[in-house]
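# Architecture and fold: a report
Each chain, letter by letter, is given below.
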Amino acid sequence: MKPEKYAITFACYNQVEYTKKCIASMIAHGVDLSRLAIVDNASSDETRAYLETLPLGALILNQDNLGCGVAWNQGALALQAEWTIVMNNDVLVSANWIENLIETAEKHNLKVISPALIEGELDYDFEAFSAEASSKMKDALRLGGRHAVCMAIHRSVWMDVGYFQPVPKLLGYEDTLFFHEVAKAGIAVGMTGASWLHHYGSMTLSLLKQERGLSQKAGLGSRYNYKLLNQSWLARKIGKLKRKKQLKAWKEAELQQYGMTMHGVREHGDFVWVANI
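The structure reproduced in this document is the subject of the present report.

### Here's the deal with the nonpolar core
Within the largest apolar cluster, 33 residues are counted, with the highest numbers of intra-cluster contacts made by I8, F10, M26, L36, M87 and W97. Those elements giving two or more residues to this core turn out to be β1 (6–12), α1 (16–28), β2 (36–41), α2 (47–51), β4 (83–87), α4 (97–107), β6 (112–119) and β8 (150–154). The contact partners of M87, leaving out residues within four places of it in the chain, are I8, T9, F10, M26, W72, V93, W97, V149 and C150. Counting residues in hydrophobic clusters, the runner-up holds 16 residues, among them L92, A133, M260 and M262.

If you want it as structure tokens, here you go:
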């Protein structure tokens, strides 16, 4: 796949060690760093010094923590391509993750697509696991599935629904609002078992909650955020129940066919296959 076909962007806020692991993983799997636009949201650790050593396609250094929505928009606009991969920085990638992600999207005419993932401690051989899992589940597809740990977005989506809400106080709710607009527009989305990531677990969001004195279990919803959805409480409740039912159906079907699902969590040194994502 020609590098010009895609661009990758993520936001940083401290947590330099996770950023280093992510970049090392990309380099190991042949990612051209000139296709990577990184936005630093006023980190106070060694993040900026590290990023300035990399041959990136774009590096944006914000004076304040402007949140995910602003940063993702900055990255997507700084390095434009047919496909923009918006992702977290606390992940590891696998062999052919970009090719498998985009080729699956094009095969099924999807405009937003997310990879399968394992979350939690890296206490297993991710390289061996991802090679086997991507082969085993290469044809597995969740039509309507998606998540914001990583999503490849076709440029037509920006024209149809716009970019992310540029409001710093949303504190990670930007993806919910974006997916809501995508669904309203009838844009086809999906999740594929052909591409896998390891996700350590939203380290940046956890740090933000810690700094603001919020519980790590605190949800991202608030009256302000919900208001932006322009939905009644009942509509939100019905939508949540429908999604929960769909996630359960996907999990059961995948377990029956593959003995695993597209979303696993590491617990006590083993894989736990879960429905929620």
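### Quick look at the pairing of strand β9 (residues 189–199)
Burial analysis of β9 places 11 of its 11 residues in the buried class, which makes it a mostly covered element. Pairing geometry for strand β5 (residues 91–92) and β9, over two bridges, is antiparallel. Directly across from L92, in β9, lies its bridge partner H198. Relative to β9, β6 runs parallel, the two being bridged by eight bridges. Residue P115 lies in a different strand from β9, and its bridge partner there is T192. Where strand β7 (residues 141–143) and β9 come together, three bridges link them in antiparallel fashion. The residue of β9 that forms the bridge with L143 is G190.

### What to know about a nonpolar patch on the surface
On the surface, W233, L234 and I238 cluster together into a nonpolar patch covering about 340 Å² of accessible area. By secondary structure assignment, the location of W233 is in helix α10 (residues 233–258). Exposure remark for W233: the relative accessible area of 58% places this residue in the exposed category.

### A short note on unusual backbone geometry
The phi dihedral of N14 is positive, around 55 degrees, even though this residue is not glycine. One can find N14 in the loop between β1 and α1.

### Considering the pairing of β4
Burial of β4 is extensive: five of the five residues sit out of reach of the surface. Of the two faces of β4, the one carrying W83, I85 and M87 and the one carrying T84 and V86 are both buried. Where β1 and β4 come together, four bridges link them in parallel fashion. In the strand pairing of β4, Y6 is matched with W83. Here five bridges tie β4 to β8, and the two strands are oriented antiparallel to one another.

### A closer look at α1
When the terminal C-alpha atoms of α1 are compared, their 18 Å separation across 13 residues agrees well with the 18 Å that a helix rising 1.5 Å per residue should span. If you check which residues of α1 are buried, you get V16, T19, C22, I23, S25 and M26. Buried residues belonging to α1 abut β1, β2, α2, β4 and β5. Phi turns positive, to about 80 degrees, at G30, one or two residues after α1.

### Brief notes about a positive patch on the surface
A grouping of K237, K240, K244 and K248 is seen on the molecular surface, where their side chains present a positively charged patch. With a relative accessible area of 62%, K240 lands in the exposed category.

### Quick word on the packing of aromatic side chains
A full pass over the atoms with the stated rule returns 13 aromatic pairs. Both rings, one in Y124 and one in F129, keep their centres 5.9 Å apart while their planes meet at 85 degrees; by these two values the pair is edge-to-face. F129 shares its class with Y124; the two are buried. Exposure remark for F129: the relative accessible area of 13% places this residue in the buried category. One cation-aromatic arrangement involves K21 over Y18; the distance from NZ or CZ to the ring centre is 5.2 Å. Here the guanidinium or amino end of R266 rests over the ring plane of F271, the centre of that ring lying 4.3 Å away.

The rules behind these values
- Residues numbered from 1 in each chain as written.
- Predicted model: local features only at pLDDT ≥ 70, side-chain atom pairs only at ≥ 80, totals over all residues.
- Heavy atoms only, no water.
- Core = buried A, V, L, I, M, F, W, Y, C linked by side-chain atoms within 4.5 Å.
- Buried < 20%, exposed > 50% of the residue type's maximum accessible area, 1.4 Å probe, protein only.
- Helix = DSSP H or I, 4+ residues; strand = E, 2+ residues; numbered from the N terminus.
- Contact = heavy atoms within 4.5 Å.
- Pairing = 2+ DSSP bridges.
- Patch = residues over 30% accessible without salt bridge, like charges linked within 9 Å, V, L, I, M, F, W, Y side chains within 5 Å.
- Areas by Shrake-Rupley, 256 points an atom, 1.4 Å probe, with all protein chains shown as cover.
- Salt bridge = Lys/Arg side-chain N within 4 Å of Asp/Glu carboxyl O.
- Expected span 1.5 Å × (residues − 1).
- Lys, Arg positive; Asp, Glu negative; His and termini not counted.
- Charge placed at Lys NZ, Arg CZ, Asp CG, Glu CD.
- Phe/Tyr/Trp six-rings, centres within 6.5 Å; stacked < 30°, edge-to-face > 60°.
- Lys NZ or Arg CZ within 6 Å of the ring centre and 35° of its normal.

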